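# Descriptive analysis of the structure
Next come the chains, spelled out residue by residue.
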Amino acid sequence: MHFMSAAQARVAAHIIYQPNFIEGLENRPCSPISGVAILDGHPLVHGQTLPFSSGSVEISRMLGFKHPATCDDRSEQEIERDGPHRDFFPLTSDLLALFADSGTVRAVNLFICKREKDLALRKRKNELFLIERTLYAESRIPTVKISEECLDPIVTNNLMRLAKKARKP
């Protein structure tokens, strides 16, 4: 796994040692287009009927928020000739954890911050969080906010040591 922060790795250490943990999907893009189920194509849910997603662009419109997009940095002549062009780029979730649950797969989306005070998001970050949470909620996947400070530091350090020493059997 490749985490974007130490806090994500430390929270993941607690998750991967849960007895019913199957897989962690870190930094997973949230699809901006509608019609694609969040876990579509994942081999563990093959053959299951999955709820379709509205896509993050439609959800942002529904919530009244501006979706992140690229800047059109072409010259004025190109913009005038071809028209303006901006692409929506996907939001990414921190960690989508998959668990075995009575013969099916259950997913939990984790929103991770280093400090507990960082979980109280300011305006724009809260808007992006609400888009992500709503996207996952459509697929009956709960989103949980968690910070590294919520974890027992001794247990976390021990789990990190185990994770760093782990080898494939």
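No experiment lies behind these values; they were computed from the predicted model shown.

### Comments concerning the overall build of the chain
Counting its secondary structure elements, the chain contains five helices and four strands. Counting from the amino terminus, the chain carries its helices and strands in the arrangement α-β-α-α-β-β-α-β-α. Dimensions of the chain, computed from C-alpha atoms along their principal axes, come out at roughly 60 × 40 × 30 Å. Burial statistics for the chain: of 169 residues in total, 37% are counted as buried. Restricting the contact set of the chain to residue pairs at least 6 apart, pairs at least 24 apart contribute 66%. Counting only carbon and sulfur atoms, one obtains 55% of the accessible surface of the chain, whose full area is about 10700 Å². For the chain, the separation between the mean place of its 23 positive charges and that of its 21 negative charges on side chains is 8 Å.

### Some remarks on the sheet that holds strand 1 (residues 21-30)
Strand-to-strand pairing in sheets goes through backbone hydrogen bonds, with the strands running parallel or antiparallel. The four strands lie next to each other as 1-2-3-4, forming an open sheet whose pairing is mixed. Of all strands in the sheet, those with a lone pairing partner are strand 1 and strand 4 (143-147), marking the two edges. Within this sheet the neighbouring strands show an average axis-to-axis angle of 35°, counted without direction. Note: strand 1 against strand 2 (residues 91-101), eight bridges, orientation antiparallel. Counterpart to Pro-29 in the pairing with strand 2 is Thr-92.

### Focus on the side chain of Ser-139
Within the fold, Ser-139 resides in the loop between helix 4 (123-138) and strand 4. Ser-139 sits in the buried class, given a relative accessible area of 11%.

### Some details on the pattern of salt bridges
Side-chain pairing between opposite charges can occur once the charged atoms of the two side chains come close. Overall, the coordinates contain eight salt bridges when judged by the stated rule. When the shortest N-O distance is used, the salt bridge between Asp-82 and Arg-74 registers 3.7 Å. Residue class for Arg-74 comes out partly exposed when judged on its relative accessible area of 26%. The closest approach of N and O atoms between Arg-81 and Asp-82, which form a salt bridge, is 3.1 Å. Several salt bridges share partner residues, and in doing so they unite Arg-10, Lys-114 and Glu-148 into one network.

### Some points on unusual backbone geometry
One non-glycine residue, Asn-27, adopts positive backbone phi at about 55°. Structurally, Asn-27 can be placed in strand 1.

### As for the state of the cysteines
Tallied over the entire structure, the rule returns zero disulfides. A disulfide-free cysteine, Cys-150 has its sulfur positioned 9.8 Å from the sulfur of Cys-113, the nearest such atom. On the basis of relative accessibility, which here comes to 43%, the residue Cys-150 falls in the partly exposed class.

Each value, and the rule that gives it
Residues numbered from 1 in each chain as written. Predicted model: local features only at pLDDT ≥ 70, side-chain atom pairs only at ≥ 80, totals over all residues. Heavy atoms only, no water. Helix = DSSP H or I, 4+ residues; strand = E, 2+ residues; numbered from the N terminus. Buried < 20%, exposed > 50% of the residue type's maximum accessible area, 1.4 Å probe, protein only. Contact = heavy atoms within 4.5 Å. Areas by Shrake-Rupley, 256 points an atom, 1.4 Å probe, with all protein chains shown as cover. Lys, Arg positive; Asp, Glu negative; His and termini not counted. Charge placed at Lys NZ, Arg CZ, Asp CG, Glu CD. Pairing = 2+ DSSP bridges. Axes fitted to C-alpha atoms, helices over the stretch in contact; angles between N-to-C directions. Salt bridge = Lys/Arg side-chain N within 4 Å of Asp/Glu carboxyl O. Disulfide = S-S within 2.5 Å.

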